[in-house]
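Structure assessment
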Amino acid sequence: MALTALFVVSCNSADPDAFVINGTIDGSDNEYVKFSYNADDSVSVEDSVLVENGRFSISGKVNKPEFILIYMGSLNDRTNDKYLRFLIDRCDMSVNIDKENFSKAKLAGSPLNTALDSLNTLYREKRSEDIFVNYIKSNPESVVSAIILMNIAVGMDYQQLKDLYNPLSDNVKAYPDGVALKEELDKLERVLPGKEAPDFSAVDINGKEFSLSSLKGKYVILDFWASWCVPCRHSNPHLKELYKKYNKSGLEVVCVADDDQSPEDWRNAVEKDGIGMFHHVLRGLKMQYEPEFIMDKTNDISEKYAVHFLPTKYLIDKDGRIIGKFDDSGLDEQLSKIFE
């Protein structure tokens, strides 16, 4: 399957920022189709249109390719599967929807969305991320490259991501996913070996103020975990062994739990696993579900350390600098070099 380069240009000659989506919904009449998209970096559009005789039309303006969400019912209903997400450009487009099976719908008329669909289909067939990597390398001026790179970036280290990000065109880097990629790169760079470990302060499990910098002069295992994370819990006996072996020589363990929404589960897990001797804080992620969904990462410790998987463990030296990110066997090797 050949995928050609796609450039960020308008395909609507009458108005360079206008788009139109003409749609049909089988089995629907006199119902409302809802939609939302960002018209630009500061304006969000949320509206609805009436389905008449099985037909509807959505029109608007965007100053760059954007994702549009088209749905029926409430997005707060987690059982609702009547929604679609498409990448639209400034074009005339069309979509045919089966009310009982939204997932079958395909958007016609948007080359960007077609390319994204083709890539996802090819990936499902071959199950190889090389599909995405090769596309990114061959299409540095396509916003699709930024979108798919953002989706696979969580599994990459700093150098891998940098090598794919740097060749992207300035227009693609300015696209929202391109901006997010730069932010991710900056976070990864901040936690490279040799960098000063980002400091944080939080109220600990005992209700006392705790800061990472208070442990300067000690070696620190910084463990990102959660009560619901099975591999994390399986790793706790190993952490206890390391603490027992090296604590008197200057090792401390700081556990950052992804349990802000379930603090009682966090406390119970600490007690059950017998790890109360460690320093324990919550990651600091605030989430609100009603009346609208809001995610506040202002005090999110996991964000500071570019944590995308649990467990994630960093080793920090007595000067407060990052030695590296290690699994259990890697910690054994590093600590034996330091203390034995």
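About the cut-offs
Residues numbered from 1 in each chain as written. Predicted model: local features only at pLDDT ≥ 70, side-chain atom pairs only at ≥ 80, totals over all residues. Heavy atoms only, no water. Pairing = 2+ DSSP bridges. Helix = DSSP H or I, 4+ residues; strand = E, 2+ residues; numbered from the N terminus. Salt bridge = Lys/Arg side-chain N within 4 Å of Asp/Glu carboxyl O. Buried < 20%, exposed > 50% of the residue type's maximum accessible area, 1.4 Å probe, protein only. Expected span 1.5 Å × (residues − 1). Contact = heavy atoms within 4.5 Å. Core = buried A, V, L, I, M, F, W, Y, C linked by side-chain atoms within 4.5 Å. Axes fitted to C-alpha atoms, helices over the stretch in contact; angles between N-to-C directions. Disulfide = S-S within 2.5 Å.

Examined bridge by bridge, strand β2 (residues 32-38) and strand β3 (residues 44-50) share seven bridges and lie antiparallel to one another. Paired with Y37 across the bridge in β3 is V45. Where β2 and strand β5 (residues 66-71) come together, three bridges link them in antiparallel fashion. Across the sheet, residue K34 finds its bridge partner in β5, namely Y71.

Attention shifts here to the pattern of salt bridges. Counted by the stated rule, this structure contains 14 salt bridges. Residue K182 is joined to D186 by a salt bridge in which the shortest nitrogen-to-oxygen separation is 2.8 Å. On the criterion of helical spacing, the pair formed by K182 and D186 is a turn pair, its members being four residues apart in helix α6 (residues 176-190). In this structure, R283 and D300 form a salt bridge, with 2.6 Å as the shortest nitrogen-oxygen distance. Of the two residues, R283 sits in the loop between β13 (279-282) and β14 (286-288) while D300 sits in the loop between β15 (294-296) and α9 (301-304), which places them 17 residues apart along the sequence. Exposure class is identical for R283 and D300. Each is buried.

Our next topic: α6. With 15 residues, α6 extends 21 Å from end C-alpha to end C-alpha; this agrees with the ideal 21 Å at 1.5 Å per step. Considered for burial, the residues of α6 that qualify are D177, G178, L181, E184, L185, K187 and L188. Residues of α6 that are buried in the fold lie against α3 (143-152), α4 (158-165), α5 (170-174) and α9.

Next up on the list: the nonpolar core. Counting 32 residues, the largest nonpolar core has L87, V144, I148, L149, L161 and L181 as the members making the most contacts within it. For this core, the secondary structure elements donating two or more residues are α1 (111-126), α2 (130-138), α3, α4 and α6. No other element matches the seven residues that α3 contributes to this core. Apart from residues lying up to four places away in sequence, I148 is in contact with L116, L119, F132, Y135 and I136.

Now for the sheet that holds strand β11 (residues 219-225). Read from one edge of the open sheet, five strands run β13-β12-β11-β16-β17, paired in mixed fashion. The open sheet has two edge strands with one neighbour each: β13 and β17 (322-325). Averaged over all pairs of adjacent strands, the angle between strand axes in this sheet comes to 20°, irrespective of strand direction. Note that strand β12 (residues 251-257) and β13 share four bridges and pair parallel. By the bridge assignment for β13, A257 is matched with L282.

This next bit is on the state of the cysteines. Evaluation of the coordinates by the stated rule reveals one disulfide. Across the disulfide from C229 sits C232; the S-S distance is 2.2 Å. The S-S bond linking C229 to C232 shows a torsion near 75°; that makes this disulfide right-handed. On the basis of relative accessibility, which here comes to 2%, the residue C232 falls in the buried class.

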